[in-house]
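Summary of structural features
What follows is each chain in one-letter form.
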Amino acid sequence: MLSAGFGGMVVDGSPIKCEPATADCLLHAARRATEELGRQLQRDEAHFAIAAALAELGRQAEALQEAGLIENPVTMAEAEAEIVRAAARQGAFDTAFEIAMEIDDARNRSAKDLALETLAVEQAARGLIDEAFDTVVAINNPFRRSEAQAAIAISVARSGDIPSAMHAAARIGMDYWFSAEQNRFKIASGLVARSDRFDHYWFYEALAKIARIQSHSGDVEAGLQTAHAIPDLAGRARAMAGAAAAQVAQGNIEAALTTARRIEASYGDHEAMIAIADGMAAAGDFGGALELARAIQEAYGDGAALAALAERQAVMGAYDDSVETLSEIAVIEDLDRARSMVAREYARTDRSRAALDMVASIGNRNKRFDAVRAIAVTLATEGKTDRALRLVAEFAGRAEDEELVTAVVLAQARAGDLDTAVAMAGTLDDPMFRAIALAGLAALTR
């Protein structure tokens, strides 16, 4: 299948010419593929992909019609949330809000709430801060509403307007936590047992994120000033750790160490020390990085610094050293992540056998699949599609290969090779993945 010629697409026995590859032609082919599906779950996935593609193309009314064909109510709600996100990104805020309000999802972290938050974030990024706060009033869960308000403040900070971000942060929870009715509502909601723990949680979180944004935007001094103004010990620690990481990124290891030493919270310097160890490795001090990474694992039970070192060594071609570092990682989650990253570097240098051997050492089957998928997407994004497909063919059984090929196809198109990606999508035997691939390609034609 993977080596077949890509002269034209054949769907359901009938050739479909998409030359040039227009959105309408690709969506028509995706719908034809959907008609071949007998299982509801597969049909829902295909309709979800088509609805998402239509939304990306700005065709919200058609997207809603497609979402209406989804039988599973949770999948339908998530499809509608995707439509809201797309409309918000396109600036169609009124339409996005109307669609969001019609989403029927009663889960605690519902698609409706997430859609409203996404809409508010987009509004805030464009300076419509009051409108963003008005949007999240529609979130009924008060804790989730405060979380969305924090996201508004963070969005404003990312846009570069720090003073307005600070002002937005000061508004978090004001409509609920500090109202005259707060005690009655807190007891009735069942969300809060001790008000002193939750009243300011998202306010502190917003300030910590704003401080990190300041630091990583180049103004570490301002980030530290914001961090020191946070009265919450944990929030202040997160902000200062972010500042230390920014200092590392600037190549100032000594300053980062000074910042880390000033963090008061127990274990609050954890993130900062991992960043410092990685910075030492990036600067070529592998011995110092290894010593610090070992100390971090010993003190915090965290192998993230050793994983980062193993990746740095692999990137520089020091594979034997990288494998030796892997042998020191005691935390299985960190070890699996590191193996995936090292395997990626093997694959990027055309060592597919070594890459697959490294992936095979990952114990969990789902993690192995995710690792190969990430590697294949990286290769396709870098224009190495043939290498990505060879890796997939060597790794995957028939039950897995079409999902992986679909990921490769979409990555190839995002990298600019749409025509070849379209031809490859047409060779997918599984109609569900063919529909998903074709719909995803349609979205990229805009």
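The model shown is predicted, which means the values in this text are computed figures rather than measured ones.

Describing the overall build of the protein
When helices and strands are tallied, the protein shows 26 helices and two strands. For 446 residues, the compact-globule estimate of 2.2 N^0.38 gives 22 Å, and the protein sits close to it at 25 Å. Referenced to the eigenvectors of the C-alpha coordinate spread, the extents of the protein come out at roughly 65 × 60 × 35 Å. In the protein, which comprises 446 residues, the proportion classed as buried is 52%. Entry remark: accessible area of the protein is about 20,500 Å², with carbon and sulfur atoms responsible for 49%. Of the side chains in the protein, 45 bear a positive and 67 a negative charge, and the two mean positions are spaced by 1 Å.

Section: the nonpolar core
Of all hydrophobic cores here, the largest spans 153 residues; its most connected members are Leu 26, Val 84, Ile 152, Ile 276, Leu 326 and Leu 441. Take this core: its biggest share by element is 10 residues, from helix α26 (residues 431-443). Ignoring sequence-local partners within four residues, the contact set of Leu 326 consists of Ala 310, Leu 335, Ala 338, Arg 339, Val 342 and Met 358.

Remarks on the environment of Ala 265
With respect to the helices and strands, the residue Ala 265 is situated in the loop between α15 (253-261) and α16 (270-282). Its relative accessible area of 15% is what places Ala 265 among the buried residues. Taking the C-alpha atoms as reference points, Ala 265 and Ala 234, 31 residues apart in sequence, are found 6.2 Å from one another. If we skip the residues at most four places from it in the chain, Ala 265 touches Leu 233 and Ala 237.

Here's the deal with helix α22 (residues 365-381)
With 17 residues, α22 extends 24 Å between its outermost C-alpha atoms, agreeing within 8% with the 24 Å of an ideal straight helix rising 1.5 Å per residue. Of all the positions in α22, only Arg 368, Phe 369, Ala 371, Val 372, Ile 375, Ala 376, Leu 379 and Ala 380 are classed as buried. Viewed along the axis of α22, the buried residues span an arc of 160°, placing them on a single side of the element. With a side-chain oxygen positioned 2.9 Å from the backbone nitrogen of Asn 366, the residue opening α22 is Asn 364. Positive phi appears at Gly 383, one or two residues downstream of α22, with a value of about 85°.

Some remarks on the state of the cysteines
Per the counting criterion, the structure on display carries one disulfide. Residue pairing for Cys 18: its cysteine sulfur links by disulfide to Cys 25, the two sulfurs lying 2.0 Å apart. Judged by the sign of its S-S torsion, about -85°, the cystine formed by Cys 18 and Cys 25 is left-handed. Among the residues examined, Cys 18 registers a relative accessible area of 7% and is labelled buried.

With respect to the pattern of salt bridges
Oppositely charged side chains can form a pair if their charged atoms are brought close together. What the rule picks out here adds up to 32 salt bridges. One salt bridge connects Glu 82 with Arg 85, and the closest N-O pair in it is separated by 3.0 Å. Within this pair, Glu 82 and its partner Arg 85 are both found in helix α4 (residues 73-89), separated by three residues, close to a single helical turn. Put simply, Asp 130 and Arg 171 hold a salt bridge, and the shortest N to O gap is 2.9 Å. Residue Asp 130 is located in helix α7 (residues 129-136), and its partner Arg 171 is located in the loop between α9 (162-170) and α10 (182-189); the two are separated by 41 residues in the primary sequence.

Here's the deal with the confidence of the model for the protein
In the predicted model, the protein carries a mean pLDDT of 90, and the fraction of residues at 70 or more is 90%. Every residue in residues 1-15 is under pLDDT 50, and counting partners more than four places away or in other chains gives 32 contacts.

Quick word on the packing of aromatic side chains
With the rule as written, the count across this model stands at six aromatic pairs. Pairing Phe 143 with Trp 202 gives two aromatic rings, centres 5.7 Å apart and planes at 55°, and the pair type is tilted. One end of the pair, Phe 143, is in helix α8 (residues 142-158); the other, Trp 202, is in helix α12 (residues 201-216), with 59 residues separating them in the sequence. When the ring of Tyr 201 is compared with that of Trp 202, the centres are 4.8 Å apart and the planes differ by 85°; the resulting orientation is edge-to-face. Note on Tyr 201: relative accessible area 33%, which makes it partly exposed. Classification of Trp 202 by relative accessible area gives buried; the value is 14%. Through successive ring pairs, a cluster of aromatic residues spans Phe 143, Tyr 201 and Trp 202. It is Arg 171 that lies over the ring of Phe 133; its NZ or CZ is 4.0 Å from the centre.

Quick notes on the environment of Glu 71
Among the structural elements, Glu 71 can be located in the loop between α3 (60-67) and α4. Sequence spacing of Glu 71 and Met 432 is 361 residues, and the spatial spacing of their C-alpha atoms is 16 Å. Separated by 2.6 Å, the side chains of Glu 71 and Arg 43 make a polar contact.

Points about the packing of α9 against α12
Put simply, α9 and α12 touch, their axes get as near as 9 Å, and they point 170° apart. Considered as vectors, α9 and α12 are oriented roughly antiparallel to each other. Across from Ile 162, Ala 165, Met 166, Ala 169 and Ala 170 in α9, the residues of α12 making contact are Phe 203, Ala 206, Leu 207, Ile 210 and Gln 214. For the contact of α9 with α12, the class distribution of residues is nine nonpolar, one polar and no charged.

A word on the side chain of Thr 34
Counting through the fold element by element, Thr 34 comes out in helix α1 (residues 23-34). Residue classification places Thr 34 among the buried positions, given a relative accessible area of 6%. Dropping the residues within four chain positions of it, Thr 34 is found in contact with Ala 46, His 47, Ile 50 and Ala 435.

Scoring rules and cut-offs
What you see as residue numbers is a count from 1 along each chain, following the sequence as written. Per-residue local features are limited, in this predicted model, to residues with pLDDT of at least 70; the limit for side-chain atom pairs, both in listing and counting, is 80 or more; totals at the level of whole chains, interfaces and linings are taken over all residues. Side-chain measures were taken over the full set of non-hydrogen atoms in the model, leaving aside hydrogen atoms and water. Each helix corresponds to a stretch of at least 4 residues labelled H or I by DSSP, and each strand to a stretch of at least 2 residues labelled E; elements are numbered beginning at the N terminus. Our radius of gyration looks at C-alpha atoms and nothing else; its globule reference is 2.2 Å times the residue count to the power 0.38. Relative accessibility decides the category of a residue: with a 1.4 Å probe and only protein chains considered, values under 20% of the type maximum give buried, values over 50% give exposed, and everything between is partly exposed. Only the protein chains shown count as covering a residue, and every accessible area follows the Shrake-Rupley method with a 1.4 Å probe. His is not counted, nor are the chain ends; Lys and Arg add positive charge and Asp and Glu add negative charge. A charge is said to be at NZ when it belongs to Lys, at CZ for Arg, at CG for Asp and at CD for Glu. We define the nonpolar core as a collection of buried residues of types Ala, Val, Leu, Ile, Met, Phe, Trp, Tyr and Cys that are connected through side-chain atoms lying within 4.5 Å of one another. Contact between two residues is taken to exist if any of their heavy atoms lie within 4.5 Å; hydrogens are not considered. Multiplying 1.5 Å by the residue count of a helix minus one yields the expected span of that helix. Think of the arc as the fan of directions from the helix axis to the C-beta atoms. Side-chain atoms alone can form a polar contact between residues adjacent in sequence; in general such a contact is a pair of N or O atoms within 3.5 Å, and within protein one must be able to donate a hydrogen while the other accepts it. Two cysteine sulfur atoms form a disulfide, by the criterion used here, when they sit within 2.5 Å. Salt bridge criterion: a side-chain nitrogen from Lys or Arg within 4 Å of a carboxyl oxygen from Asp or Glu. The predictor attaches a confidence to each residue, called pLDDT, with possible values from 0 through 100. For this analysis, a ring pair means two rings from Phe, Tyr or Trp (six-membered ring only for Trp) whose centres lie within 6.5 Å, classed as stacked if their planes differ by under 30 degrees, edge-to-face if by over 60, and tilted for the remaining angles. Any Lys NZ or Arg CZ that is within 6 Å of a ring centre and within 35 degrees of that ring's normal is treated as a charge sitting over the ring. Whenever a helix is involved, its axis is fitted only over the stretch in contact; in every case the axis is a line through C-alpha atoms, and angles between N-to-C directions fall within 0 to 180 degrees. For classification purposes, angles smaller than 35 degrees are called roughly parallel, those larger than 145 roughly antiparallel, those between 65 and 115 roughly perpendicular, and all remaining angles oblique. Ten residue types, Ala, Val, Leu, Ile, Met, Phe, Trp, Tyr, Cys and Pro, are classed as nonpolar, four, Asp, Glu, Lys and Arg, as charged, and the remainder, Gly among them, as polar.

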